[in-house]
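# Overview (structure and organization)
Here's the letter readout for the chains.
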Amino acid sequence: MMETLNLALFIVEAIAYFMLMVTLLHFRHRLGLGVFLTALGVMHFMETYLAAVFYVSLPFGDVSPGSSVFFSGKLMMILMLYLQEDAATVRQPIYGLFLGNLLTVGIAWVLQLHHPLQMSPNHTPDVDFLKEMGWLMIWGTALLYVDSLGIILLYEKLGDFFRRRVVLRFLISGFVLLTFDQIGFFAALHYFLDVPIAAFWSGWKAKMLAVCLYAAMFAFYEYRIRRIGAAGAARSISDVFGDLTFRERYNDLLERTGRDMLTGVYDRTRMELEAPLMLHEALRQGLFATVLIIDADHFKDVNDGYGHLQGDEVLKAIAARLSTTLRSSDRVFRFGGEEFVAVCPGTDHEEGLLLAERLRWTIATSVKTPDDRPVTVSIGVATADEDGVDFTAVLTAADGRLYAAKKSGRNCVVGRSGVVKLS
C-alpha cells in the first residue's frame, strides 16, 4: 500500500515539476529567461541533497525523487530549452551551476577556519557535510554538462533517422543519457555515501519511468499548447511534430540557399563555392574526382516548338533524372540555361564515363517532349587530377569535350579518349 502511494506521489511530483518549469519556459519572453534559469538552478541543491539522503520505496525498489524526478526533469528541460532557443543559451545555466558549486566548496574550506558559536543546542553547524555536498554537486554538475552536450548531439543525430518524430527523439535521447548519468552519479554516491548497489537498478528504472512521463507531457505540450497556440491554426495530428527545431530550421535554410528556383538543384553560385572544395578534398585524400557537363540537345527547338513552359518541364525532368541517378555524395548544379554540371568525388575517369553513359541513356529513354519525342543530352567528362588539379581546369576540359560531343552528332558522351557512345 505504501509503495503504491509513493508511486502516485512520484507521478504527481513529475507532473508538477514539468508543469511549473514548462510554464516558465513557455512565458520566457514575458517573464524573462532568467526566471526559468534561476528556478532551474535553485532546484539543483535540493536534487543533489535528496539524491544523497532521501529514498522512498516504490514497487520496483528504493529510489530517490531528487535523482529520478527532479534531475531527470532538469535534463529534459535543458533539451526543451535547446529546442526553443539554441546551444549558447543552454550553456548559461550549466556554467552557472558549475561555478556556483565550486564556490560552495571553496567557501566550505574557508568556513573551517572559523570557530563558530553554538547559538542553539540542537543545531550544530556541519561544515564537513557542506563540503561533501559541494563536491557531490560539482560531480553532478560536471555530469550534467556532459549529459547536456550528449542529449543535444544525440537528439540531432537521431534527426538523420527520425527527422519529423520529435517526441520519439526526445524519448530515446532521455533513455540513453539518463542511463549514462545513472552510472556516473551512482558511482559518486556509492563512493562518498556508501549507497548500496541495489539502489542503482531501482534508480535506473525510476529514471526511465520519469522519461516516459516527461515525453508524454512534452508531446501534450507540443500539440496542445505550443503548436496550436494561435487562433484558427487548426492542424492535423499527422504534422503536429513536423515543425523543425531551431538548428534544423537553420540547416534547412542553408540547404535551400543556392538552389535553382526552377529545377531544385544547386545553382551556379553554389557550384563556384562547393565544387572547388569537393575536388580539393578528394585530391587531399588521394582520390580522383570527375566532373560532367550535361547539355540538353536542340533545347531551343523545344522552347520554340512547344513554348517556354513546356521547356521548363523538360528541364525539371532532366534535373530529376540527374538527382536520382547520381550518388548521395555527388552534387549536381544548374550551370546555366539547359546545361548542368555534376561533380563526383571518388570517381575515376572510367567510372565517370560509365556514369555519364547511364545518365545519357536514362534521360533518352524517360524524358519526352509533349508529342512523345525523346529528349537527349550530350555529356563532356573530365577528371582530376589527370585533367587538372583545380576545378576551373577540370571544368574547362569537360566543356571542351562537351563541344566535341555536340560536333559528333549529339546524344553521346565524350571523355579523354573520344566518343564513348553515339546513337
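Structure report, in brief. (Residues numbered from 1 in each chain as written. Predicted model: local features only at pLDDT ≥ 70, side-chain atom pairs only at ≥ 80, totals over all residues. Heavy atoms only, no water.)

Moving on to the pattern of salt bridges. The tally for this structure, following the rule as stated, stands at 16 salt bridges. Taking the shortest distance from any N to any O, the salt bridge between Asp-260 and Arg-334 comes out at 3.3 Å. Of this pair, Asp-260 sits in the loop between α9 (246-256) and α10 (268-284) while Arg-334 sits in strand β4 (residues 331-336), and the two are 74 residues apart along the sequence. A network of salt bridges, in which partner residues are shared, links Glu-386, Asp-387, Arg-401 and Arg-416. (Salt bridge = Lys/Arg side-chain N within 4 Å of Asp/Glu carboxyl O. Helix = DSSP H or I, 4+ residues; strand = E, 2+ residues; numbered from the N terminus.)

For the rest of this paragraph, the subject is the environment of Leu-315. Position of Leu-315 relative to the elements: it lies in helix α12 (residues 308-325). As for Leu-315 and Glu-339, which are separated by 24 residues in sequence, their C-alpha atoms are 9.2 Å apart.

Let us look at the packing of α10 against helix α14 (residues 391-407). Axis angle and axis distance: for two packed helices, these are the angle between their axes and the distance between the axes, and together they describe the pair. It is the contact of α10 with α14, at a shortest axis distance of 9 Å, that shows an interaxial angle of 100°. Comparing the axis directions of α10 and α14 gives the class roughly perpendicular. Taking contact as the criterion, the partners of Met-271, Ala-275, Pro-276 and Leu-279 in α10 are, on α14, Phe-391, Val-394 and Leu-395. Residues belonging to the contact of α10 with α14 are distributed by class as follows: 7 nonpolar, no polar and no charged. (Axes fitted to C-alpha atoms, helices over the stretch in contact; angles between N-to-C directions. Parallel < 35°, antiparallel > 145°, perpendicular 65-115°, else oblique. Contact = heavy atoms within 4.5 Å. Nonpolar A, V, L, I, M, F, W, Y, C, P; charged D, E, K, R; others polar.)

Close contact between helix α1 (residues 2-26) and helix α3 (residues 33-53) brings their axes to 8 Å; oriented N to C, the two are set at 150°. In terms of their interaxial angle, α1 and α3 are classed as roughly antiparallel. Every pair of crossing elements has a handedness; the one defined by α1 and α3 is left-handed. Across the interface between the two elements, Tyr-17, Met-21, Leu-24 and Leu-25 from α1 touch Val-35, Phe-36, Ala-39, Leu-40, Met-43 and Glu-47 from α3. (Left-handed = near helix turned anticlockwise from the far one by under 90°.)

Applying the stated criterion across every chain, the model contains 6 aromatic pairs. Ring geometry for Trp-201 against Trp-204: centres 6.1 Å apart, planes inclined by 85°, an arrangement best described as edge-to-face. Taken together, the positions of Trp-201 and Trp-204, both in helix α8 (residues 198-226) and 3 residues apart, correspond to about one turn of that helix. In this structure Trp-201 comes out as exposed when scored by relative accessible area, which is 52%. For Trp-204, a relative accessible area of 26% gives the class partly exposed. Here the aromatic residues Tyr-17, Phe-18, Phe-70 and Tyr-214 are joined through ring pairs into a cluster of three or more. The lysine or arginine in question, Arg-169, covers the ring of Tyr-155, its NZ or CZ lying 4.0 Å from the ring centre. (Phe/Tyr/Trp six-rings, centres within 6.5 Å; stacked < 30°, edge-to-face > 60°. Buried < 20%, exposed > 50% of the residue type's maximum accessible area, 1.4 Å probe, protein only. Lys NZ or Arg CZ within 6 Å of the ring centre and 35° of its normal.)

None of this, on its own, says anything about what the molecule does.
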